[in-house]
Amino acid sequence: MSTRTSALEATVFGVDIQSGDVRGDAPSYALVEFDGETLERDVVSRRKLRRRIEAVEPAIVATDNMYELAADKDELVHVLGSLPTETMLVQVTGAEQPEPLSRVAKRHGIPYGKEPMREAEAAARLAAHNVGYEVSAFTDTTEVKVSRGRSTGKGGWSADRYTRRIHGSVKRTAREVESALATANLEYEREIREAYGGYANAVFTVEARPADIPVSATRSGDVRIEVERVRRDGIEFRPLAKRLDHVLVGIDPGTTTAVSIVGLDGEVLDVWSSRTSDTADVIEWIVERGRPVIVAADVTPMPETVEKFRRSFDAAGFTPERDVPIDEKQHRTREHPYDDDHQRDALAAALFAFDAHEDQFERITRKVPPGLDRGEVIARVVAGEESVEAVLRDLDEDDGQDEETTDHQPRELTAEEKRIRNLERQVERLQSHVETLEGRIDDRDEQIEDLETELAVTRQEERRRVRKDREVTRLERRVETVERERDEARDEVEALEGKLERLKELWKLDHSNFADVSAKRAGLVPVKVIEKFTKGAIREAHEGYGLARDDVVYLRDASGAGRSTARKLAAFEPRVVLKDGGLSEVADEILFEAEIPVGPAADVAMQEIDELAVAREDDVDAVIADWRQRAAARKRDRKAAMVDRLISEHRAGDNEA
């Protein structure tokens, strides 16, 4: 077992809230600065505390509760990220379930008082003796990101050169960073995003803390370097000193072997069971978790298998006066989790052993002076059957403290002294029992408060659920009404669509083709409608009723057509194109060159039924005649313009000659 060091060779800050609330704007803190020998005390604000930590860079900032420095988990992560690289935040009262500071201080012989300054001092002294857990939100992996220090801009005459220069600077700096990491023999992974002229950014994931990386965060000119530790998924607690404490071991042998580990304070440390592990595996599992003082069974006499384990650890044995009934085991282990009955029996054996020796452990602890390992003393007294005085004398001699050894020389006590000693022990036991009961009362009060809070939350959630159910019911009724109206509308639409289809069929039967329309009703001409002047609309019209030469085509929307669309329509060689809307210059030119008349649809009287339409022959002829007049004038204008251009070119040639 590795013992704890007497003190750190570094500065430790002990911190406790002096006044105010961490959730408020201006809490004050009791600050104790301890270097192993001297103490400096002060009351500081939160801002001054942070400045002192940044200036001194202590090895440890110790507190009895990490949430005295932060209101919640997110703020705690921010506090941890703002600490100097070599500074740890330590919670001296434990990990996820901390103990009262008074109990921890008493166990380690540290002076304690309820005043904030005394609590801060106790936290500093405990941390200096490697008591507590480091609170960590970051891994030992660091990301070094090299990126652009300024925007590449939106353009301009020198945009390309400017962008290339920035990306080139990022690439050059990334190579310098990589060279520094390689020179320092650090393991890293590289992820690069290339860009025009170099790198947009480069990210190095380095297996080291920021203090061990020969690169610092900077921003200058074109390049920015960021150095950030990689966050954990949550908050992690790591003991300051890894040690194997003395423990109580409960064993339930059989086809399935179960083992439990209980600390000298009655805290359940671990429970395990296996059907396949042999004796060596069980011993190895126990050794990894502590040094057994007592090996216990839940039956009498002790089974031979358990006795072998006891002898292998040279530990004391424990068996109950009688075989423990199942209901008593269940009651004793009710507050501790276990996976099966074998684990329950092993756990019950260890806990009953602790109950039997609890008073003895407390008596020994009271006699152990500060600085000595009480676990070692308890082990030698319980397992080695030595007296407390002899063990203390032996340990004091090992430390060269001869003067204290003489204080423990035994002598014959008088009857009055024996009576006083017995009464003092009885008082100590009663006081200890009172403290235990008060602790249980505090725990019960906390449980009651938690349950009341949970009840209030549950009631609030129940009221919210009832309101939600009412709203859901109202919306469901509304949905049913809307769906019914929708179904009725669909039925009406289907009926109207059916009626329309029947009307179309009757009309088409009466006019089997457009030639019949022209023949049967003199003075009318069929018109084929195209919804838009696009390739898709032309294709749909051709597939629907066919476009042929000398057709009268009606464009509902003639705008937007390009060269290829106009050529597609011209390929059908229509007789005339009637249009609504403006025609593009390109499309107008294509149709003009193809000698396809184009005129406004408003000049023609038409009757339409969806894709079917007929127009007056006279109106169509008038549109064509009007286009031809405009076309003749357009050709004359073009010819005149061409002659003028030739004359101008000829005159220009003569002047040059």
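A quick note: this is a predicted structure, and the numbers were derived from the prediction, not measured. Each chain carries its own residue numbering, running from 1 in the written order of its sequence. The predicted nature of this model means local features are confined to residues of pLDDT at least 70 and side-chain atom pairs, given and counted, to a pLDDT of 80 or more, with totals for whole chains, interfaces and linings taken over all residues. Side-chain calculation: all heavy atoms of the structure are included, whereas hydrogens and water are not.

Asks: Help me understand the sheet that holds strand 13 (residues 268–274), please; the structure alone is not making it clear to me.
Replies: Backbone hydrogen bonds hold the strands of a sheet together, and the pairing may be parallel or antiparallel. Pairing between strands is defined by DSSP: at least two bridges between them are needed. Under the DSSP-based scheme used, a helix requires at least four consecutive residues in state H or I and a strand at least two consecutive residues in state E, with every element numbered from the N terminus. Here five strands make up an open sheet; going across it, the order is 13-12-11-14-15 and the pairing mixed. With partners counted over all chains shown, the strands left at the sheet margins are strand 13 and strand 15 (316–318), one partner each. Between one strand axis and the next, the sheet turns through 25° on average, direction left out of account. Bridge analysis of strand 11 (residues 246–252) against strand 12 (residues 257–263) gives six bridges, and the strand direction is antiparallel. For Val-249, the partnering residue across the bridge sits in strand 12 and is Ile-261. Sheet strands touched by helix 6 (residues 279–287): strand 11, strand 12, strand 13 and strand 14 (291–296). Its angle to strand 12, the strand with the most contacts, is close to 15°. Only heavy atoms matter for contacts: two residues are in contact if any of them lie within 4.5 Å across the pair. Between the N-to-C directions of two axes lies an angle of 0 to 180 degrees, each axis being a line fitted to C-alpha atoms and, for a helix, fitted only over the stretch in contact. Contacts from helix 9 (residues 341–367) reach strand 11, strand 12, strand 13, strand 14 and strand 15 within the one sheet, and its direction differs from that of strand 11 by about 140°.

Asks: When you look at a negative patch on the surface in this model, what are you seeing that I'm missing?
Replies: Surface patches are defined over residues having more than 30% relative accessible area and no salt bridge, joining like charges when they lie within 9 Å and nonpolar side chains (Val, Leu, Ile, Met, Phe, Trp, Tyr) when within 5 Å. Exposure was quantified through the Shrake-Rupley algorithm and a 1.4 Å probe, taking into account, for residues, occlusion by the shown protein chains and nothing else. Any carboxyl oxygen of Asp or Glu that lies within 4 Å of a side-chain nitrogen of Lys or Arg is treated as forming a salt bridge with it. Residues counted as positive are Lys and Arg, residues counted as negative are Asp and Glu, and His and the chain ends are not counted. By convention, the point assigned to a charge is CZ for Arg, NZ for Lys, CD for Glu and CG for Asp. Among the surface-exposed residues, Glu-438, Asp-442, Asp-443, Asp-445, Glu-446, Glu-449, Asp-450, Glu-452 and Glu-454 lie close enough to one another that they form a single negatively charged patch. Looking at the element boundaries, Asp-442 is found in helix 13 (residues 415–510). Only protein chains enter the accessibility calculation, which uses a 1.4 Å probe. A residue is then buried if its area is under 20% of the maximum for its type, exposed if over 50%, and partly exposed in between. Its relative accessible area of 44% is what places Asp-442 among the partly exposed residues.

Asks: Which parts of the structure should I look at to understand the confidence of the model for the protein?
Replies: A low pLDDT means the predicted coordinates there should not be read in detail. Here pLDDT means the predictor's own confidence in every residue, given as a number from 0 to 100. Averaged over all residues, the pLDDT of the protein equals 83, while 88% of them reach at least 70. Between residues 398–411, whose pLDDT stays under 50, and residues either more than four places distant or in other chains, the model counts 13 contacts.

Asks: How do you make sense of the environment of Gly-562 when you look at a structure like this?
Replies: The residue Gly-562 is located in the loop between strand 17 (552–557) and helix 16 (563–570) in this model. In this structure the C-alpha to C-alpha distance between Gly-562 and Ile-590, which are 28 residues apart in sequence, comes to 9.4 Å. Apart from the residues within four sequence positions on either side, Gly-562 is in contact with Val-586 and Ala-587.

Asks: Can you walk me through the nonpolar core in this structure?
Replies: Proteins that are soluble and globular tend to have nonpolar side chains buried together. By size, the foremost hydrophobic cluster in this structure holds 28 residues, and its most contacted members are Leu-248, Val-293, Ile-294, Phe-361 and Val-377. When contributions to this core are tallied by element, the ones reaching two or more residues are strand 14, strand 15, helix 9, helix 10 (374–382) and helix 11 (388–398). Top element by residues in this core is helix 9. It accounts for eight residues. Ile-294 has contacts with Val-247, Leu-248, Val-249, Ala-315, Ala-316, Gly-317, Phe-318, Ala-353, His-357, Phe-361 and Val-382, leaving out every residue within four places of it along the chain. Val-15, Val-22, Leu-31 and Met-66 belong to the second largest nonpolar core, which has 24 residues in total. Among buried residues, the Ala, Val, Leu, Ile, Met, Phe, Trp, Tyr and Cys ones that are joined through side-chain atoms within 4.5 Å form a nonpolar core.

Asks: For this particular structure, what's the right way to read the packing of helix 16 against helix 17 (residues 585–593)?
Replies: Relative orientation and spacing of two packed helices are given, respectively, by the angle between their axes and the distance between those axes. Where helix 16 contacts helix 17, the two axes come as close as 8 Å, and the packing angle between them is 30°. Taken together, the axes of helix 16 and helix 17 are roughly parallel relative to one another. Between helix 16 and helix 17 the crossing geometry is right-handed. Here Arg-563, Ala-566, Arg-567 and Ala-570 of helix 16 lie close against helix 17, whose contacting residues are Val-586, Ala-587, Ile-590 and Leu-591. Residues are grouped as follows: Ala, Val, Leu, Ile, Met, Phe, Trp, Tyr, Cys and Pro are nonpolar; Asp, Glu, Lys and Arg are charged; every other residue, Gly included, is polar. For the contact of helix 16 with helix 17, the class distribution of residues is six nonpolar, no polar and two charged. Note that the term roughly parallel is reserved for angles under 35 degrees, roughly antiparallel for angles over 145, roughly perpendicular for angles of 65 to 115, and oblique for everything else. Left-handed describes a crossing whose near helix is turned anticlockwise from the far helix through less than a right angle; right-handed describes the clockwise counterpart.

Asks: I would appreciate a short explanation of the side chain of Asp-64 in the present structure.
Replies: The topology assignment puts Asp-64 in the loop between strand 4 (60–63) and helix 2 (73–82). Buried charge without a partner: Asp-64 forms no salt bridge, and the closest opposite charge is Lys-114, 12 Å away.

Asks: Help me understand the pattern of salt bridges, please; the structure alone is not making it clear to me.
Replies: One side chain can pair with another of opposite charge once the charged atoms of both are near each other. All told, the structure shown has 42 salt bridges when counted by the stated rule. The shortest N-O distance in the salt bridge between Arg-334 and Glu-335 comes to 4.0 Å. The residues Arg-334 and Glu-335 share a single accessibility class, namely exposed. For Arg-465, the salt bridge identified is with Glu-462, shortest N-O distance 2.3 Å.

Asks: What am I meant to see in the pairing of strand 4 here?
Replies: The two faces of a sheet get side chains in turn, since along a regular strand they alternate between them. Side-chain alternation along strand 4 places Ile-60 and Ala-62 on one buried face and Val-61 and Thr-63 on a second face that is also buried. Pairing analysis gives three bridges linking strand 1 (residues 12–19) to strand 4, with the strands arranged parallel. When the sheet's bridge partners are listed, Gly-14 is paired in strand 4 with Ala-62. Alignment of strand 4 against strand 5 (residues 88–91), held across four bridges, turns out to be parallel.

Asks: What is the right way to look at helix 6 in this model?
Replies: Here helix 6 has its buried residues at Val-282, Trp-285 and Ile-286. For helix 6, the angular spread of buried residues about the axis comes to 100°, placing them on one side. Buried residues in helix 6 make contact with strand 11, strand 12, strand 13, strand 14 and helix 7 (304–313). What the arc covers is the set of directions going from the helix axis to the C-beta atoms.

Asks: Sorry if this is basic, but what is going on with the side chain of Gln-343 here?
Replies: Tracing the sequence through the fold places Gln-343 in helix 9. Under this definition, polar contacts are N or O atom pairs within 3.5 Å; protein pairs additionally need one hydrogen-donor-capable and one acceptor-capable atom, and for neighbouring residues in sequence, both atoms have to be side-chain atoms. Within the local environment of Gln-343, its side chain forms a polar contact with the backbone nitrogen of Asp-339, the two atoms lying 2.9 Å apart. Here Gln-343 is in contact with Ala-258, Val-271, Trp-272, Ser-273 and Tyr-338, once residues within four sequence places are set aside.

Asks: Which parts of the structure should I look at to understand the packing of aromatic side chains?
Replies: What characterises a pair of aromatic rings is the spacing of the ring centres plus the angle enclosed by the ring planes. Planes of paired rings set the category: under 30 degrees apart is stacked, over 60 is edge-to-face and the rest tilted, where pairs are Phe, Tyr or Trp rings (Trp by its six-membered ring) whose centres lie within 6.5 Å. What the rule picks out here adds up to four aromatic pairs. Each ring, one from Trp-272 and one from Trp-285, has its centre 5.2 Å from the other, and the planes form 20°; the classification is stacked. Placement of Trp-272 in strand 13 and of Trp-285 in helix 6 is noted, with a sequence separation of 13 residues between them. Taking the relative accessible area as the measure of exposure, Trp-285 reaches 9% and is therefore buried. Charges are assigned to positions over rings by a cutoff of 6 Å between ring centre and Lys NZ or Arg CZ, combined with an angular limit of 35 degrees from the ring normal. Here the basic side chain of Arg-125 rests over the ring of Phe-34, its NZ or CZ set 5.1 Å away from the ring centre. The residue whose ring lies beneath Arg-634 is Phe-592, and the NZ or CZ to ring-centre distance is 4.1 Å.

Asks: So what exactly am I meant to see when it comes to a positive patch on the surface here?
Replies: Together, Arg-459, Arg-463, Arg-464, Arg-467 and Arg-470 give the surface a local cluster of positive charge. With respect to the helices and strands, the residue Arg-470 is situated in helix 13. The exposure class assigned to Arg-470 is exposed, which follows from its relative accessible area of 60%.

Asks: Looking at this structure, how should I read the environment of Glu-376?
Replies: Note on placement: Glu-376 falls in helix 10. Glu-376 sits 130 residues away from His-246 along the chain, and the two C-alpha atoms are 7.3 Å apart.

Asks: Help me out: how do you make sense of unusual backbone geometry in this one?
Replies: Glycine aside, residues mostly have negative phi angles, and peptide bonds mostly take the trans form. Between Thr-300 and the following residue, Pro-301, the backbone shows a cis peptide bond with an omega angle of 0°. The residue Asp-550 is not glycine, and still its phi comes out positive at about 70°. Among the secondary structure elements, Asp-550 is positioned in the loop between helix 15 (535–545) and strand 17. With phi around 60°, Glu-595 is a residue other than glycine that occupies positive phi space.

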